[in-house]
Amino acid sequence: MCRTLTALPVPSTYHPEKPKMFNNPLLKIYRLLYSHFGPQNWWPAQSAFEVIVGAVLTQNTSWRNVEKAIENLKRKNLLDPIKIHKAKRRTLLKLIKPVGYYNIKTERLKELVKFIVEKYDGDISLLKKKAGEELRNELLKVKGVGKETADSILLYALNKPFFVVDGYTKRMLARHHLLPEGNYDTIQEMFHKSLPRDVKIYNEYHALIVRLGKTYCQNRPKCPDCPIFHI
DNA sequence: ACCCAGGTGGCCC
DNA sequence: GGGCCACATGGG
């Protein structure tokens, strides 16, 4: 396990010899996970807008169920900001039913596409041009878009370097005594300070943490066969 | 029959 | 600011 520590997508602009990069457990964990699992190829979607829709639908919901809902929307040719904006709520509700919470998620989807259509003319490429911090604040004002959903959209739909913190992340950190006091922002900051500000790395790292959480340690605080047991 | 899933907002203190 | 709660389908 974890021998190929050099064959990693760490850009040349990154200087691990900097003093603050010594004793960097988050970087170490990333290398172990990447060595163990390899690239995860996230986010599974054919367009940026599909990522955005998926980010809302997957809230506290298994990805398997989200796939069904996305497939239903595609089948009705509705995977488009303008079309969802115009669509009737009961039409959307019926199609996204497999994800659960379909009443609130219909509302959340409507709110988000309303934001995209009214502020950005329904044009995702305009979203990509916006500065990350500014856009993050705008997204957080949309009802139903919390920090994790906002960061998922920024990172996986718009390729902006914002680390996504989720339940798996907190659990992993807690089990290795790395969970800081404080909220989402504190944890995200820790990742931002420990890693190069790089979309590719944030993309892989979050996906790897989810993979780890799904694969190992579901019911045990610690398991010796976990790829990051020794850190 | 439980428990969990790629969270969030509302309410209360 | 944190602690609870509802929201709901599908799979183990």
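Residues numbered from 1 in each chain as written. Chains lettered and ligands numbered in written order. Predicted model: local features only at pLDDT ≥ 70, side-chain atom pairs only at ≥ 80, totals over all residues.

### Details of the domain arrangement of chain A
Taken domain by domain, chain A comprises domain 1 (19-41 + 162-215) and domain 2 (48-157). One C-alpha centre belongs to domain 1, the other to domain 2, and the line joining them spans 25 Å. Each partner contributes residues to the interface: domain 1 has nine residues there, and domain 2 has nine residues. Here the side of domain 1 that touches domain 2 takes three residues from helix H12 (residues 199-215), the largest share from any one element. Along the lines of polarity and charge, the residues of the side of domain 1 that touches domain 2 split into seven nonpolar, one polar and one charged. (Domains from an automatic or database assignment. Contact = placed C-beta atoms within 7 Å. Helix = DSSP H or I, 4+ residues; strand = E, 2+ residues; numbered from the N terminus. Nonpolar A, V, L, I, M, F, W, Y, C, P; charged D, E, K, R; others polar.)

### Looking at the protein's contact with DNA strand C
Close to DNA strand C lie 14 residues; Pro 98, Gly 100, Tyr 101, Asn 103 and Asn 183 are nearest. For the surface near DNA strand C, the secondary structure elements donating two or more residues are helix H3 (63-75) and helix H6 (102-120). The dominant element in the surface near DNA strand C, judged by the number of residues it contributes, is H6, at three residues. In terms of residue class, the surface near DNA strand C is built from four nonpolar, eight polar and two charged. (Near = placed C-beta within 6 Å.)

### Some words on unusual backbone geometry
Backbone torsion omega between Trp 42 and Trp 43 reads -5°, so that peptide bond is classified as cis. You will see that Asn 41, though not glycine, has its phi angle at about 55°, which is positive. Within the fold, Asn 41 resides in the loop between helix H1 (25-37) and helix H2 (48-57). We note that Asn 159 has phi near 60°; this positive angle belongs to a residue other than glycine. Among the secondary structure elements, Asn 159 is positioned in the loop between helix H9 (147-157) and helix H10 (167-175).

### Topic: H10
Of all the residues in H10, the buried ones are Thr 169, Met 172 and Leu 173. Looking down the long axis of H10, one finds its buried residues gathered within 95° of arc, a one-sided arrangement. Away from the buried face of H10 by more than 90 degrees, exposed residues Gly 167 and Ala 174 are located. Buried positions along H10 lie against helix H11 (184-194) and H12. Directly beyond the C-terminal end of H10, a positive phi value near 60° is found at His 177. (Buried ≥ 20, exposed ≤ 12 C-beta atoms within 10 Å, placed from the backbone. Arc of directions from axis to C-beta.)

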